[in-house]
Amino acid sequence: QVQLVESGGGLVQAGGSLRLSCAASERTFSRWTMGWFRQAPGKEREFVAAISVSGRTTDYADVVKGRFTISRDNAKSTLYLQMNGLKPEDTAVYYCAAKWHAVLPRQSPGEYEYWGQGTQVTVSS
């Protein structure tokens, strides 16, 4: 059982930045492919970014490319999402997720086995 705990959400003005963190309880964190997803009210959960086990390969949704950066620190069992240039449409609950040892980052929520409880990000205009 992998436990994931997100933090770092909050209220920020448009154009501002936030850094989300996801702390994992699993000592084999370095073997889990990790992803960030988000869900706005009345919408389906959508892919934001994902990262391979080594951290060398990343993938982003088109709507966040160039603004968001996913990274991981395997020694600290922690996943990060640096969000710059935030827009009101980025407002959502952000979730981190873990998938056992995929070769490449994955975009489909259904492929991930464990999820955190989410952290709210609100961007005001």
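In every chain, residue numbers begin from 1 and rise along the written sequence. For a predicted model such as this one, the threshold for reporting local features is a pLDDT of at least 70, and the threshold for listing and counting side-chain atom pairs is 80 or more; totals across whole chains, interfaces and linings nevertheless cover every residue. The basis for every side-chain value is the complete set of non-hydrogen atoms in the structure, without hydrogens or water.

**Some details on the environment of Thr122**
Point 1. Helix and strand labels come from DSSP, where a helix needs a run of H or I of at least four residues and a strand needs a run of E of at least two; each type is numbered from the N terminus. Within the secondary structure layout, Thr122 lies in strand S11 (residues 119-124).
Point 2. Using a 1.4 Å probe on the protein chains alone, a residue whose accessible area is under 20% of its type maximum counts as buried, one over 50% counts as exposed, and one in between counts as partly exposed. The exposure class of Thr122 is partly exposed, given its relative accessible area of 29%.
Point 3. Along the chain, Thr122 and Leu104 lie 18 residues apart, while their C-alpha atoms are 30 Å from each other.
Point 4. We call two residues in contact when some of their heavy atoms are within 4.5 Å. Those residues in contact with Thr122 that sit more than four places away from it in its chain are Gly10, Leu11, Val12 and Thr91.
Point 5. A polar contact is formed between the side chain of Thr122 and the side chain of Gln120, at a distance of 3.3 Å. Counted as a polar contact is a pair of N or O atoms within 3.5 Å, where, for protein atoms, one must be capable of donating a hydrogen and the other of accepting one, and residues adjacent in sequence contribute only when both atoms are in side chains.

**Observations regarding the pairing of strand S1 (residues 4-7)**
Point 1. Judged by which residues are buried, S1 turns out to be one-sided: Leu4 and Glu6 face inward and are buried, whereas Val5 and Ser7, on the alternate face, are not.
Point 2. Pairing between S1 and strand S3 (residues 18-24): four bridges, direction antiparallel. Directly across from Glu6, in S3, lies its bridge partner Cys22. Criterion used throughout: strands pair if DSSP finds at least two bridges between them.

**Examining the state of the cysteines**
Point 1. Defined by distance alone, a disulfide is two cysteine sulfur atoms within 2.5 Å. Counted by the stated rule, this structure contains one disulfide.
Point 2. Two residues, Cys22 and Cys96, share a disulfide whose sulfurs are 2.0 Å apart. Residues Cys22 and Cys96 share a disulfide whose torsion about the S-S bond is about 55°; that sign makes it right-handed. Of this pair, Cys22 sits in strand S3 while Cys96 sits in strand S9 (residues 92-100), placing them 74 residues apart in sequence. The same class applies to Cys22 as to Cys96, namely buried.

**Section: unusual backbone geometry**
Point 1. With a phi angle near 50°, Ser77 is a residue other than glycine that sits in the positive phi range.
Point 2. Within the secondary structure, Ser77 is located in the loop between strand S7 (68-73) and strand S8 (78-83).
Point 3. Phi at His101 takes a positive value of approximately 40°, unusual for a residue other than glycine.
Point 4. Relative to the helices and strands, His101 is located in the loop between S9 and strand S10 (114-115).
Point 5. Residue His101 is classed as partly exposed on the basis of its relative accessible area, which comes to 44%.

**With respect to the sheet that holds S3**
Point 1. The four strands lie next to each other as S1-S3-S8-S7, forming an open sheet whose pairing is antiparallel. The two strands at the open ends of the sheet, each matched to only one other strand, are S1 and S7. Along the sheet, successive strands turn relative to each other by an average axial angle of 15°, direction set aside. Orientation is described by lines fitted to C-alpha atoms, with helices fitted over the stretch in contact, and by angles between N-to-C directions that extend from 0 to 180 degrees.

**Some words on the packing of aromatic side chains**
Point 1. Think of it this way: a Phe, Tyr or Trp ring, Trp meaning its six-membered ring, pairs with another when their centres are within 6.5 Å, and the plane angle makes it stacked under 30 degrees, edge-to-face over 60, tilted otherwise. Under the criterion given, the structure shown has seven aromatic pairs.
Point 2. Ring plane angle 80° and centroid distance 6.5 Å describe the contact between Tyr95 and Trp115, whose orientation is recorded as edge-to-face. Placement of Tyr95 in strand S9 and of Trp115 in strand S10 is noted, with a sequence separation of 20 residues between them.
Point 3. The exposure class of Tyr95 is buried, given its relative accessible area of 14%.
Point 4. An aromatic cluster of three or more residues is present, and its members are Phe37, Phe47, Tyr95, Tyr112 and Trp115.
Point 5. Consider the ring centre and the ring normal. A charge sits over the ring if Lys NZ or Arg CZ is within 6 Å of that centre and within 35 degrees of that normal. Directly above the ring of Tyr80 sits Arg19, whose terminal nitrogen or CZ lies 4.0 Å from the centroid.
Point 6. Stacked on the ring of Tyr95, the Lys or Arg Arg45 has its end atom at 3.9 Å from the ring centre.

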